[in-house]
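The chain contents come next:
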Amino acid sequence: MATDSLTTDERAFSIEEFERLPERDWRTELVQGRLVREPLAGYEHGLLANRISFLLTAFVREHRLGDVLTAETGFVLSEDPPTVRGPDVAFVAAERVPTEGPPAGFARFAPDLAVEVVSPSSRLSEVQDKALDYLDAGARLVWVVEPRARRVMVYRSRSDIRVLGLEEELDGGSVLPGFRLPVREIFEAT
């Protein structure tokens, strides 16, 4: 997959090598064995991701549905070629949460729900590629939040993609039964 983000190294990395890399000032993912980096998220990006995480966490905790995780949580989406993505917000259903406790390293599975907020430094096509990576790895739902367009793209499969505007409502479907969130609430100032 081609990407317009800055790459830090052209050599191929394994998942284990990627996991051992030191902390950086860039958000880094492993995509088909290559390091891909983007600048840290801006204020608006962080605000929207936090708002979604807060609302999801409240719902998930109330209904004991699983775990909500935030940015920089790595999910191994493919072993070959090695691909590790870190959605801005993720949900893992209770029945998939490891019974032995949270893994110290990356989760070796896709989240049930992945949420990506499009940053000014990202192209929409790059984030759409991420959405498809999540689906191909087994995610059941992906939300791509577009701050500039003030809309959310909902991916249920490669062929079931809907675009929701401010007057519409996100729902959790079978992934988060009963969860509903007016799109407007994501973008409104608190």
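Going by the structure above, here's the rest.
What counts and what doesn't
Residues numbered from 1 in each chain as written. Predicted model: local features only at pLDDT ≥ 70, side-chain atom pairs only at ≥ 80, totals over all residues. Heavy atoms only, no water. Buried < 20%, exposed > 50% of the residue type's maximum accessible area, 1.4 Å probe, protein only. Helix = DSSP H or I, 4+ residues; strand = E, 2+ residues; numbered from the N terminus. Pairing = 2+ DSSP bridges. Right-handed = clockwise from strand over helix to strand, strands pointing away. Salt bridge = Lys/Arg side-chain N within 4 Å of Asp/Glu carboxyl O.

Draft legend 1. Region of the structure containing the pairing of strand 8 (residues 113–117). Counting buried residues along strand 8, 5 of its 5 residues qualify, which places the element largely inside the surrounding structure. The side-chain alternation of strand 8 yields two buried faces, one formed by Leu113, Val115 and Val117 and the other by Ala114 and Glu116. Summarising the sheet, strand 7 (residues 89–93) and strand 8 pair through 3 bridges and their orientation is antiparallel. Pairing of Val89 across the sheet is with Val115, part of strand 8. Sheet topology note: the strand 8/strand 9 (residues 141–146) ladder contains 5 bridges and is parallel. Counted as the bridge partner of Ala114 is Val142 from strand 9. After leaving strand 8, the chain enters helix 3 (residues 124–136) and then returns to the sheet as strand 9, a path that is right-handed.

Draft legend 2. Quick peek at the pattern of salt bridges. Counted under the stated rule, the structure contains 12 salt bridges. Residue Arg156 pairs with Asp171 through a salt bridge whose shortest N-O separation is 3.3 Å. Placement of Arg156 in the loop between strand 10 (151–155) and strand 11 (161–164) and of Asp171 in strand 12 (residues 169–171) is noted, with a sequence separation of 15 residues between them. Note on Arg156: relative accessible area 30%, which makes it partly exposed. When the shortest N-O distance is used, the salt bridge between Glu167 and Arg184 registers 2.0 Å. One end of the pair, Glu167, is in the loop between strand 11 and strand 12; the other, Arg184, is in helix 4 (residues 183–187), with 17 residues separating them in the sequence. The exposure class assigned to Arg184 is partly exposed, which follows from its relative accessible area of 28%. Each of Arg96, Asp112 and Arg140 takes part in salt bridges that share partners, so that together they form one network.

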